[in-house]
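Chain by chain, the residues run as shown.
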Amino acid sequence: ITLAEMQKAKESGGVKGVKSYPRGVTTGSDAGIESYEPYYPIFSAMQEAGLVLNIHGEIPSSAHPDTCVLNAEEHFLPHLRKLHADFPKLKIVLEHVSTTQAVECVKNLGDTVGATITMHHLWLTVDDWAGNPFHYCKPVAKYPSDRAALRAVIASKHPRFFLGTDSAPHIKENKTSGKPPAGVYTSKYTMAMLADMFEALFSDQVDDWKMLLEDFACHFGRRFYGLEDAPSNRKVNLVNGKWTVPELIDEQIKPFRAGDQIQWRVSS
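A few points on the structure. Bear in mind the structure is a predicted one, so any value in this text is a computation, not a measurement.

Each value, and the rule that gives it
- Residues numbered from 1 in each chain as written.
- Predicted model: local features only at pLDDT ≥ 70, side-chain atom pairs only at ≥ 80, totals over all residues.
- Heavy atoms only, no water.
- Helix = DSSP H or I, 4+ residues; strand = E, 2+ residues; numbered from the N terminus.
- Rg over C-alpha atoms; globule rule 2.2 N^0.38 Å.
- Buried < 20%, exposed > 50% of the residue type's maximum accessible area, 1.4 Å probe, protein only.
- Pairing = 2+ DSSP bridges.
- Axes fitted to C-alpha atoms, helices over the stretch in contact; angles between N-to-C directions.
- Parallel < 35°, antiparallel > 145°, perpendicular 65-115°, else oblique.
- Contact = heavy atoms within 4.5 Å.
- Nonpolar A, V, L, I, M, F, W, Y, C, P; charged D, E, K, R; others polar.
- Salt bridge = Lys/Arg side-chain N within 4 Å of Asp/Glu carboxyl O.
- Right-handed = clockwise from strand over helix to strand, strands pointing away.
- Phe/Tyr/Trp six-rings, centres within 6.5 Å; stacked < 30°, edge-to-face > 60°.

Some words on the overall build of the chain
No. 1: Tallying secondary structure elements over the chain gives 10 helices and seven strands in all.
No. 2: In terms of C-alpha radius of gyration, the chain reaches 19 Å, essentially the compact-globule figure of 18 Å for 268 residues.
No. 3: Its C-alpha atoms give the chain principal-axis dimensions of roughly 50 × 45 × 35 Å.
No. 4: When each of the 268 residues of the chain is scored for burial, the buried share is 46%.

Right, here's the structure in full:
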């Protein structure tokens with residue numbers, strides 16, 4: 001990434017954000033960054049151009065300082081606070097948050113910092129992926145209390161927390177041989193599964209769980225990116241009707257919640 005590329009991105013009108021991966025924390029991040037300071041001129045240009053910095057918020061596992069997959073996100077948060085302090089007008093999205101600490105950090109940093117939440121982090125805990133490669137993703141799902149924090153911030157209708165699917169279609173053979181790649185496949189059934197989850201999780205907590213779902217999946221993210229006025233005629237029609245998630249898609253990819261019954265479907 002160069003300043004010239006940032007200028008091209010600004011002029012294109014089609015690029016809204018740039019994603020940063022720390023080195024070695026997830027699939028395909030071997031060439032990720034090790035320090036943010038060398039990229040400060042880029043961040044300054046992004047701030048001026050109104051581009052969003054999307055961050056995978058973990059640090060690599062290490063004996064010093066006592067970091068593993070369960071606390072790698074929490075240990076990243078000081079870096080997020082420093083980036084925000086150094087670039088207070090730069091919009092930053094902490095992607096696929098998974099911990100109570102990350103939720104509270106984003107809430108406290110103010111209007112230019114947001115976060116995405118995946119469908120699978122709303123559903124899973126550490127017990128679900130330990131020994132199950134199809135539920136293994138990065139950041140990994142954490143404790144029940146962390147999952148509860150994700151659900152609570154959504155129920156609160158917080159406008160800076162919105163959907164990020166982080167869907168990864170790794171084939172079954174790769175997921176079950178050797179060290180599995182990180183990633184859960186959700187894209188094909190995202191809206192139907194979200195409707196099923198939101199009805200189960202939030203119908204007793206909010207007046208209108210369908211409106212909560214629409215805001216979380218459709219509006220909050222657009223507003224954060226400054227796209228609320230952009231025209232869009234795309235609609236998703238959800239209908240009530242039970243179906244079963246297939247065990248495999250195209251005989252190769254095992255989807256999230258394979259074999260489960262879902263109460264909602266997307267109409268054609």
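Text resumes after the structure shown.
Points about the sheet that holds strand β4 (residues 113-117)
Across a sheet, strands are paired by hydrogen bonds formed along the backbone, either parallel or antiparallel in direction.
No. 1: Strand order in this open sheet of five strands is β1-β2-β3-β4-β5, and the pairing throughout is parallel. In this open sheet, the two edge strands, each paired with only one partner strand, are β1 (17-20) and β5 (161-163). The mean angle between the axes of side-by-side strands here comes to 30 degrees, regardless of whether they run parallel or antiparallel.
No. 2: In the sheet, β1 pairs with strand β2 (residues 52-56) via four bridges, with the strands oriented parallel. Looking at the pairing, Gly-17 lines up with Val-52 of β2.

Quick look at the packing of helix α3 (residues 72-86) against helix α4 (residues 100-109)
No. 1: Orientation of α3 relative to α4, taken along the N-to-C sense of each, is 10 degrees, at an axis distance of 10 Å. Accordingly, the angle class assigned to the pair α3 and α4 is roughly parallel. Residues Glu-73, Glu-74, Leu-77, Leu-80, Arg-81 and His-84 of α3 form the contact with α4, whose participating residues are Gln-101, Ala-102, Cys-105 and Leu-109.
No. 2: Tallied by class, residues from the contact of α3 with α4 come to five nonpolar, two polar and three charged.

Some details on the pattern of salt bridges
No. 1: On inspection of all chains with the given rule, the structure shows seven salt bridges.
No. 2: As a salt-bridge pair, Lys-8 and Glu-5 come within 3.5 Å of each other at their nearest N and O atoms. Placement of the pair is Lys-8 and Glu-5 together in helix α1 (residues 3-12), with a separation of three residues, close to one helical turn.
No. 3: For Asp-196, the salt bridge is made with Arg-257, and the minimal N-O distance between the two is 3.2 Å. Remark: Arg-257 occurs in the loop between β6 (238-244) and β7 (261-266) and Asp-196 occurs in helix α9 (residues 190-202); sequence separation between them is 61 residues. In this pair, the class of Asp-196 matches that of Arg-257, namely buried.
No. 4: One continuous salt-bridge network, built from bridges that share partners, spans Glu-37, Lys-82 and Asp-86.

Description of the pairing of β2
No. 1: For β2, a buried count of five out of five residues is recorded, marking the element as mostly surrounded by other parts of the structure.
No. 2: Alternating residues of β2 divide into Val-52, Asn-54 and His-56 and Leu-53 and Ile-55, and every residue in both groups is buried.
No. 3: With five bridges joining them, β2 and strand β3 (residues 91-95) adopt parallel strand pairing. Pairing of Asn-54 across the sheet is with Val-93, part of β3.
No. 4: With α3 bridging β2 and the parallel β3, this β-α-β connection has right-handed handedness.

Re the packing of aromatic side chains
No. 1: Evaluated as defined, the whole model comprises 12 aromatic pairs.
No. 2: On the basis of an interplanar angle of 70 degrees and a centroid distance of 4.8 Å, the ring pair of Phe-198 and Phe-202 is categorised as edge-to-face. Of this pair, Phe-198 and Phe-202 both sit in helix α9, four residues apart, roughly one helical turn.
No. 3: Look at Phe-198 and you get buried, because its relative accessible area is 0%.

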